[in-house]
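# Understanding the architecture of this molecule
The residues making up each chain are set out below.
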Amino acid sequence: MSICFENNRFHLKTRRYSYIFELTAGRYPVHLYWGRKVRDINDHPLSRLTRYDDKSFTLNEQTLDHLPLECPVFGGSDLRPGMLHLLHADGTHALDLVYKTHEILDGSKVIQGLPSARGDDAQTLVVTLEDRVSGIKADLFYTVWQDLDVIARHLRIRNEGTAHAMIEEAMSASVDFENADMDLLTLSGSWAREREPFRRSLVPGIQAVSTERGASSHQTSPFIALMSKNATERSGDVYGFALCYSGSFYAGVNVDQFGMARTMMGINPYNFAWKLQPGDAFETPECYLVYSDTGIGGMSRIYHRFIHERITSGRFASGPRPILINNWEATYFNFNEDKLLELARCAKDVGIDLFVLDDGWFGHRDSDNSSLGDWTDDLNKLPGGLRHLSDSIHELGLKFGLWVEPEMISPDSDLYRAHPDWCIHVGSRQRLESRQQLVLDLTRSDVREYIVSAISSAINRANADYIKWDMNRNISMWGASQLPADQQQELGHRYILGLYEIVDRITKAFPAILFESCSGGGGRFDLGMLTFMPQTWCSDDTDAWMRCRIESSTSLLFPPSAMGAHVSAVPNHQTGRNTPLQTRAAVAMCGTFGYELDLLKLTPEELDEIRTINTRVHAWQMLLYYGNFYRLCDPYNSNEAGWMVVSDDRSEAIVTHVYAMAYPNQKQRMLLLDGLDPDLHYLDDATGRIYGGDELMYHGYPLKTAWNDYMSQQIHLTAVK
Ligand code: DGJ
């Protein structure tokens, strides 16, 4: 049993950790413990409230402000920020949620309209609280994946009263840590510089990351971790929180007057409200809680395995992925069928599997100023249409993939001329364009029907094997023409519900297709999109050194199988940097591997090198994508990047190491490996040398000296008798 209930106490057990809370005085769920597995907890936070006279002390509402709570709300006597904030129809905010009942169910729970982790090998605890005066009920969900060491939390609010209520805030999870003497890890960045890690000490007050853009965003990510001060990649206590959501989110920690750290994650309450009519229910997205006592690396490996086994789905979720070539950085908008076929022939010749036609194949789109929404073939560029190109590419023995950006509309499009009201806008206010495009209003069913039909038709015409689903701007001028005034703040969440509906319908209609999600690079790289599409284009920055950083920090949460990574041309189009082909390939092997450059401009020697690289990727990809991942170096704070993947049985490993600058006359650098079996011996393919697993992990692997900038090494190790 992974969920036990005894003496008013819930004990949630995974393989390695315990999560315990209690119905104190039979009324309020009070958090007792989260950490390494324990049999029970005898201590109780109430016993530490020494300022009360112990003898006369009984639990009363005032003490809530001092206790770690499982479901803190605004409007009662807990005066800290809560996870639920309601505005009743009479304009008041009072709320007193007390325990009513609970049940323990087998399996995980499907959330209406939202993606969630799947699987029968879980147990779900539902604790129902109620506010007797208003008839509002809150169901706290805890799904425990015992073997995967993950607990999912989310909240359902039901209105069983007679008047409507406005939900002004509804977080997915809130955990009160009694000791705020910890660090907080967050990811922040920008376009082409996504997911830079930031670590800071917790201090009294609120420290948070959030996005208000309607998407999980380039600027930050729906993932945070709290960790002990001494936590490193390999050791220390780490508590991860990751949200399965693609819209505006909030993740924050409030350190209170007694040094308790309330950590909450969920839909961003800023620019959000939801009108809950009597009889209605509202569910929040799932938040995945992970505890690791083996440092940050241990947390990442728990998330990676969970993502492989419970988040991604479909035939590509655990299978090989095609090596692709994408024409974007090869041609941008400047292509025709002949040029594409020339590129495809060369791709086939060097061992590439899939040819992807990126932006510019539809309407009259010769730059980014037109045609989004008009998903009809541009016969000037493709005289025989998509089908002729696709047939020709299939005849070469390649698979064919297509780029689409379904959520957008260009003002210069037939669609906009026919339906100027289909975009998100506010009455007669100026419609603010970004990349010369507007966002379709996915809260409208007619818009969703159009997208499903137009994109399905393009996919069918293209006979596509792969789809890249892009999204290149965020929402501004928030207005949904079909929503009443008091529901306008539902737009952001309704947009995401609409998005999930269309991606669900399209991905289900085409189960044989590999879908890759994208948002101007990694602007919507989140667990929500991953449930539908097993890989995401990591960043528009394809420079090998920048990618060392971006991929390293992206791997804090996401496994290599989820990160699209391509070899591009030098000088690099984003940074102007020159890096060796070998390094560009080694770095792209930290993700789902592909190319994004004009092969026809390469020398015969470079094409030969690409043939060798592709043979290697075909042989190694299952280990590269699904192996146990260890970060070895920190490219944000050093001159090196390094990571390795190890098979489950620890008989095979691939190590990647990259130096940024070359410095002359250096001493021998020994790279400490990780995750190997200390008792085994490993053969280094390239040198024929044999090392002990213990030796490689405790003494290190002797790296070659860097003799030029951005030099890399890939070391393939196999266990020998
Ligand atoms: C942004 C994507 O990230 C790029 O890879 C490319 O597809 C462009 N959009 C096309 O407009």
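Each value, and the rule that gives it
- Residues numbered from 1 in each chain as written.
- Predicted model: local features only at pLDDT ≥ 70, side-chain atom pairs only at ≥ 80, totals over all residues.
- Heavy atoms only, no water.
- Axes fitted to C-alpha atoms, helices over the stretch in contact; angles between N-to-C directions.
- Helix = DSSP H or I, 4+ residues; strand = E, 2+ residues; numbered from the N terminus.
- Parallel < 35°, antiparallel > 145°, perpendicular 65-115°, else oblique.
- Contact = heavy atoms within 4.5 Å.
- Phe/Tyr/Trp six-rings, centres within 6.5 Å; stacked < 30°, edge-to-face > 60°.
- Buried < 20%, exposed > 50% of the residue type's maximum accessible area, 1.4 Å probe, protein only.
- Domains from an automatic or database assignment.
- Buried area = accessible area lost by both parts, 1.4 Å probe.
- Salt bridge = Lys/Arg side-chain N within 4 Å of Asp/Glu carboxyl O.
- Polar contact = N/O pair within 3.5 Å; in protein donor to acceptor, adjacent residues only side chain to side chain.
- Nonpolar A, V, L, I, M, F, W, Y, C, P; charged D, E, K, R; others polar.
- Pairing = 2+ DSSP bridges.
- Near = heavy atom within 4 Å.
- Left-handed = near helix turned anticlockwise from the far one by under 90°.
- Right-handed = clockwise from strand over helix to strand, strands pointing away.
- Core = buried A, V, L, I, M, F, W, Y, C linked by side-chain atoms within 4.5 Å.

## Examining the packing of helix H4 (residues 385–395) against helix H6 (residues 445–462)
One can describe the packing of H4 onto H6 by two numbers: an axis separation of 7 Å at closest approach and a directional angle of 40°. It follows that H4 is oblique to H6 by the angle criterion. Only Ala458, Asn460, Arg461 and Ala462 of H6 make contact with H4, whose side of the interface consists of Leu386, Arg387 and Ser390.

## As for the packing of aromatic side chains
Scanning the entire structure with this criterion turns up 33 aromatic pairs. The interplanar angle of 35° and the centroid separation of 4.5 Å between the aromatic rings of phenylalanine 5 and phenylalanine 10 together place this pair among those described as tilted. For phenylalanine 5, a relative accessible area of 31% gives the class partly exposed. Geometrically, the ring pair formed by tryptophan 328 and tyrosine 332 is edge-to-face, given 5.0 Å between the ring centres and 75° between the ring planes.

## Brief notes about the domain arrangement of the chain
You can read the domains of the chain as domain 1 (3–311) and domain 2 (633–720). If you average the C-alpha positions of domain 1 and of domain 2, the two centres end up 39 Å apart. Contacts between the two partners involve five residues from domain 1, matched on the other side by four residues from domain 2. Surface buried jointly by domain 1 and domain 2 totals about 330 Å² across both partners, of which 44% is contributed by carbon and sulfur atoms. Sorting the residues of domain 1 by area buried against domain 2 places Glu196, Pro197 and Arg234 first, and these three jointly supply 88% of that buried surface. In this structure, the connection of domain 1 to domain 2 is made through one salt bridge. A salt bridge links aspartate 674 to arginine 234, with the nearest nitrogen and oxygen atoms 3.6 Å apart. Across the contact surface, domain 1 and domain 2 share two residue pairs in polar contact (both at pLDDT 80 or more). Classifying every residue of the side of domain 1 that touches domain 2 by side-chain character gives one nonpolar, no polar and four charged.

## Description of the sheet that holds strand E30 (residues 592–596)
Around the barrel, which closes on itself, the eight strands sit in the order E21-E22-E23-E26-E27-E28-E29-E30 with parallel pairing between neighbours. Taking the axes of each pair of neighbouring strands and ignoring which way they run, one obtains an average angle of 30° across the sheet. For strand E28 (residues 535–537) and strand E29 (residues 563–568), the ladder comprises two bridges, and the chain directions are parallel. Considered in E29, the bridge of tryptophan 537 is made with glycine 564. Set on the sheet, helix H7 (residues 491–509) makes contact with strand E26 (466–469) and strand E27 (514–517); between it and E26 the angle comes to about 170°.

## Remarks on the site of the ligand
Taken together, 13 residues lie near the ligand, and Asp358, Asp359, Lys468, Asp470 and Asp540 sit nearest. At 2.7 Å from an oxygen atom of the ligand is found a side-chain nitrogen or oxygen belonging to aspartate 358. Its residues placed into classes, the shell around the ligand shows four nonpolar, three polar and six charged.

## Let's talk about the packing of H6 against H7
Between H6 and H7, the shortest axis-to-axis distance is 10 Å and the interhelical angle comes to 30°. On the basis of their axis angle, the class for H6 and H7 is roughly parallel. Helix-helix and strand crossings are classified by hand; for H6 and H7 the assignment is right-handed. For the pair H6 and H7, contact is made by Arg448, Glu449, Ile451, Val452, Ile455, Ser456 and Ile459 and by Gly498, Glu501, Ile502, Arg505 and Ile506, respectively. Taken together, the residues of the contact of H6 with H7 sort by class into six nonpolar, two polar and four charged.

## A word on the pairing of E26
A regular strand places its side chains on the two faces of the sheet in alternate fashion. A two-sided burial pattern is seen for E26, the buried positions comprising Tyr466 and Lys468 on one face and Ile467 and Trp469 on the other. Judged from the four bridges that link them, strand E23 (residues 399–404) and E26 form a sheet pairing that is parallel. Within E26, the position partnered with leucine 402 by the bridge is isoleucine 467. Pairing geometry for E26 and E27, over four bridges, is parallel. Bridge pairing in E27 places tyrosine 466 opposite leucine 514. As for the winding sense of the linkage, the β-α-β connection from E26 through H7 to E27 is right-handed.

## Considering the pattern of salt bridges
Tallied over the full model, the rule gives 51 salt bridges. Note that glutamate 501 and arginine 505 form a salt bridge whose closest N and O atoms lie 3.0 Å from each other. Taken together, the residues glutamate 501 and arginine 505, both in helix H7 and four residues apart, mark about one turn of the helix. By relative accessible area, glutamate 501 is classed as partly exposed at 29%.

## Description of the side chain of threonine 284
Checked against the element boundaries, threonine 284 lands in the loop between strand E19 (281–283) and strand E20 (287–292). Note on threonine 284: relative accessible area 0%, which makes it buried. Looking at threonine 284, its side chain comes within polar contact range of the main-chain nitrogen of leucine 155, at 2.9 Å. Among the polar contacts listed, one links the side chain of threonine 284 to the side chain of serine 172, at a separation of 3.4 Å.

## Observations concerning the environment of asparagine 179
On the secondary structure map, asparagine 179 appears in the loop between strand E10 (165–177) and strand E11 (182–188). Counting along the chain gives 82 residues from asparagine 179 to alanine 261, while the straight-line C-alpha distance between them is 6.6 Å. Within the structure, the side chain of asparagine 179 is placed 2.9 Å from the backbone nitrogen of aspartate 181, a separation counted as a polar contact.

## Here we look at the nonpolar core
The biggest cluster of nonpolar side chains holds 164 residues, and the ones touching the most others in it are Trp361, Phe593 and Leu599. Membership of the second largest hydrophobic core comes to 34 residues, among which are Leu187, Ala231, Ile296 and Ile307.

## Considering H4
Within H4 the residues assigned to the buried category are Gly385, Leu386, Leu389, Ser390, Ser392 and Ile393. For H4, the elements touching its buried residues are helix H3 (337–349), strand E22 (354–357), E23 and H6. With its phi angle positive at about 95°, glycine 397 sits one or two positions after the end of H4.

## Considering the sheet that holds strand E4 (residues 28–36)
Taken together, the four strands give an open sheet; going across it, the order is E1-E2-E3-E4, and neighbouring strands pair in antiparallel fashion. Every interior strand has two partners, whereas the edge strands, strand E1 (3–6) and E4, have only one. Across the sheet, the mean angle from the axis of one strand to that of its neighbour is 15°, orientation sign disregarded. Where strand E2 (residues 9–13) meets strand E3 (residues 17–24), five bridges bridge the pair, whose relative direction is antiparallel. Paired with leucine 12 across the strands is tyrosine 19, a residue of E3.

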